[in-house]
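Structure assessment
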Amino acid sequence: MSAEKETVFLTGITGYLAQHIAQQLLDSKKYKIIGSYRNKKKVDQLVNDLGNNPDLSVVLIENIADPEAFEATFNKYGSQINYIIYAAAPYNWGITDCEQGFIQPGINGSKNIFTCAFKQAPNLKHFVITSSFAAMLDAAFVNDPNHVFNEESWNPITYEEALKINRAAYRYSKTIAEKTIWNLRKEFHPDFNVTSVAPNLILGPQCFDTTVANKLNTSCQYVNKFMKSSPGDDVPASPTGGVIDVRDLARAHIEAIKDSEKFDGKRLLLTNEGYGNQTFVDILNEIEDLKGKITIGTPHRDDDIDKRQAIVDNKKTRELLGFEFIPLNKTIKDLATQVIKVESK
Ligand code: NAP
């Protein structure tokens, strides 16, 4: 006899990462999902892409900046929820209002969902927050090859700094969102376990071809813009950092809920290989369809990128997860070939 399926409340289900999480959860046939969305058209497409799966239901949560955003959902579904994956967060450089666009969603979203989880989800076993390397880095040291970031690092960014520009607001928002969860756990002493999963830049294919558009989600756009470049175009020196494949990252979220005790109290730092913009351009130029059509920049300029940026040590995370991450070359090629395929139709 098969065990009864448990229910995951997955927020921001229409997002780039969350779609992969949803697909992997449903593919396992072990879970039901209640997915939150804010855009009806997007969620209708996703439900269709996921095959109108009877294990998937969706609920509208318009804005996690609303201090009561999650109340109605937990009033209705709270007792059904066994796991929460809190993946929703604004990650879009088109947002220019630092306070309303990033800071308030960061603070209020975490506060409200964790409080609802504690008060209204009596069968909850595990709470996972998708944090970010942005909550761990310190901008003063990102280009210092003698500096080490690891699972214990915290971004020291202040509220005042966050108000200056949207990218700083995003970093602050992710930091405060994760800190709020850990602080509330200390305050409430809940029965359920807690994990944070902090990725560096997430790349790899969209879960479904239907999401491929001329402009992709924020992180994939870092690569896609070079797919739309012309020979001779400049390849700027920054940004630089590390990449995790979206499929590995989705899997990490699910490993945490599957082996709840092992991952309790852990901050996972998800990054694999370092990159510079030129790394992306070099890999794209290995693809036959793109050769001669896009910029080549200064080939191999970023091959030594790891010697020019801080060390990101995620040994503990790799050991806990126990699986090999997808190489960056494959991540970029899978992303690019999907775009080429869709655009050639
Ligand atoms: P994404 O595609 O933009 O997904 C974000 C999701 O959150 C979407 O479903 C979005 O809804 C929803 N959302 C955004 N703001 C919201 C708000 N104010 N109220 C309610 N829902 C809201 O981004 P992603 O790359 O998948 O990111 C997923 C998570 O990973 C986020 O927590 C992000 O901070 C984190 N992260 C991402 C990266 C990266 O490189 N992509 C790196 C580190 C951490 P719509 O679909 O309607 O827009």
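Below: a short report on this structure. Since this is a predicted model, take the numbers as computed values, not measurements.

1. Observations concerning the overall build of the chain
- For the chain, the count of helices and strands is 12 helices and 12 strands.
- In terms of C-alpha radius of gyration, the chain reaches 20 Å, essentially the compact-globule figure of 20 Å for 345 residues.
- Each of the three principal axes of the chain carries a C-alpha extent, and together these read 60 × 45 × 40 Å.
- Looking at the 345 residues of the chain, the share that counts as buried comes to 55%.
- Restricting the contact set of the chain to residue pairs at least 6 apart, pairs at least 24 apart contribute 78%.
- Working note: accessible area of the chain is about 15,700 Å², and carbon and sulfur atoms make up 49% of it.
- When the 40 positive and 44 negative side-chain charges of the chain are each reduced to one mean point, those points stand 3 Å apart.

2. A word on the sheet that holds strand S11 (residues 273-276)
- Strand order across the open sheet formed by 3 strands is S8-S9-S11, with mixed pairing between neighbours. This sheet does not close on itself; its edge strands, each paired only once, are strand S8 (201-203) and S11. This sheet shows a mean twist of 50 degrees between the axes of neighbouring strands, independent of strand direction.
- As defined by bridge partners, strand S9 (residues 240-245) adjoins S11 across 4 bridges and the pair is classed as antiparallel. By the bridge assignment for S11, Gly241 is matched with Tyr275.
- The strands touched by helix H10 (residues 277-284) within the sheet are S8, S9 and S11, with S11 carrying the most contacts at an inclination of about 95 degrees.

3. Quick look at the pairing of strand S1 (residues 6-10)
- Of all 5 residues that make up S1, 4 are buried, and the element is covered over most of its length.
- Where S1 meets strand S2 (residues 31-37), 5 bridges bridge the pair, whose relative direction is parallel. Pairing of Leu10 across the sheet is with Gly35, part of S2.
- For the crossover that starts at S1, traverses helix H1 (residues 16-28) and ends in the parallel S2, the hand is right-handed.

4. Digging into the side chain of Thr218
- Here Thr218 lies in helix H7 (residues 218-227).
- Classification of Thr218 by relative accessible area gives buried; the value is 15%.
- Within the structure, Thr218 has its side chain in polar contact with the backbone oxygen of Tyr91 (distance 2.7 Å).
- For Thr218, the contacting residues outside a window of four places in its chain are Tyr91, Asn92 and Trp93.

5. Details of the site of the ligand
- What surrounds the ligand is a group of 27 residues, the closest being Thr14, Lys42, Asn63, Tyr170 and Lys174.
- Taking Gly12, its main chain carries an N or O atom lying 3.0 Å from an oxygen atom of the ligand.
- Contacts to the ligand include Lys174, whose side-chain N or O atom sits 2.8 Å from an oxygen atom.
- Surface burial for the ligand is 91%, taken as the share of its 880 Å² of free accessible area covered by protein chains.
- Breaking the shell around the ligand down by element, the ones donating at least two residues are H1, helix H6 (166-188) and S8.

6. Focus on the pattern of salt bridges
- A complete count under the given rule lists 20 salt bridges for this structure.
- As a salt-bridge pair, Arg247 and Asp334 come within 3.0 Å of each other at their nearest N and O atoms. Taken together, the residues Arg247 in helix H8 (residues 246-258) and Asp334 in helix H12 (residues 328-343) connect sequence positions 87 residues apart.
- Assessed through its relative accessible area of 18%, Asp334 is described here as buried.
- Bridged by salt links that share partners, the residues Asp245, Arg247, Lys330 and Asp334 form one connected network.

7. Re the sheet that holds strand S5 (residues 126-130)
- Across the sheet, 7 strands lie side by side as S3-S2-S1-S4-S5-S7-S10; this open sheet has parallel pairing. The open sheet is flanked by strand S3 (56-60) and strand S10 (266-270), the only strands paired with a single partner. The mean angle between the axes of side-by-side strands here comes to 20 degrees, regardless of whether they run parallel or antiparallel.
- Where S1 meets strand S4 (residues 83-86), 3 bridges bridge the pair, whose relative direction is parallel. The residue of S4 that forms the bridge with Phe9 is Ile84.
- H1 rests against S1, S2, S3, S4 and S5 of the sheet, and its axis sits at about 160 degrees to S2.

What counts, and where the lines are drawn
Along each chain, numbering runs from 1 in the same order as the chain's sequence is written. Under the rules for a predicted model, residues below a pLDDT of 70 receive no local features and side-chain atom pairs below 80 are neither given nor counted, while totals for whole chains, interfaces and linings still include all residues. Side-chain calculation: all heavy atoms of the structure are included, whereas hydrogens and water are not. A run of DSSP states H or I qualifies as a helix once it reaches four residues; a run of E qualifies as a strand once it reaches two. Both are numbered from the N-terminal end. For the radius of gyration, the atom set is restricted to C-alpha positions; the globular benchmark scales as 2.2 Å times the number of residues to the power 0.38. Relative accessibility decides the category of a residue: with a 1.4 Å probe and only protein chains considered, values under 20% of the type maximum give buried, values over 50% give exposed, and everything between is partly exposed. Residues are treated as being in contact if the distance between any of their heavy atoms lies within 4.5 Å. Under the convention used here, a 1.4 Å probe and the Shrake-Rupley method define accessible areas, while residue burial counts only the protein chains that appear. Counted charges follow a simple rule, with Lys and Arg positive, Asp and Glu negative, and His plus the chain ends left uncounted. Positions of charges follow a simple convention, taking NZ of Lys, CZ of Arg, CG of Asp or CD of Glu. Here the rule is simple: two strands pair whenever DSSP picks up at least two bridges between them. Between the N-to-C directions of two axes lies an angle of 0 to 180 degrees, each axis being a line fitted to C-alpha atoms and, for a helix, fitted only over the stretch in contact. By convention, a crossover is right-handed whenever its connection, traced from the first strand over the helix to the second and viewed with the strands pointing away, goes clockwise. Two N or O atoms form a polar contact when they lie within 3.5 Å of each other; inside protein one atom must be a possible hydrogen donor and the other a possible acceptor, and for residues adjacent in sequence the pair counts only when both atoms belong to side chains. Throughout, near means a residue has at least one heavy atom within 4 Å of the molecule or strand. Salt-bridge detection follows one rule: a side-chain nitrogen of Lys or Arg within 4 Å of a carboxyl oxygen of Asp or Glu.

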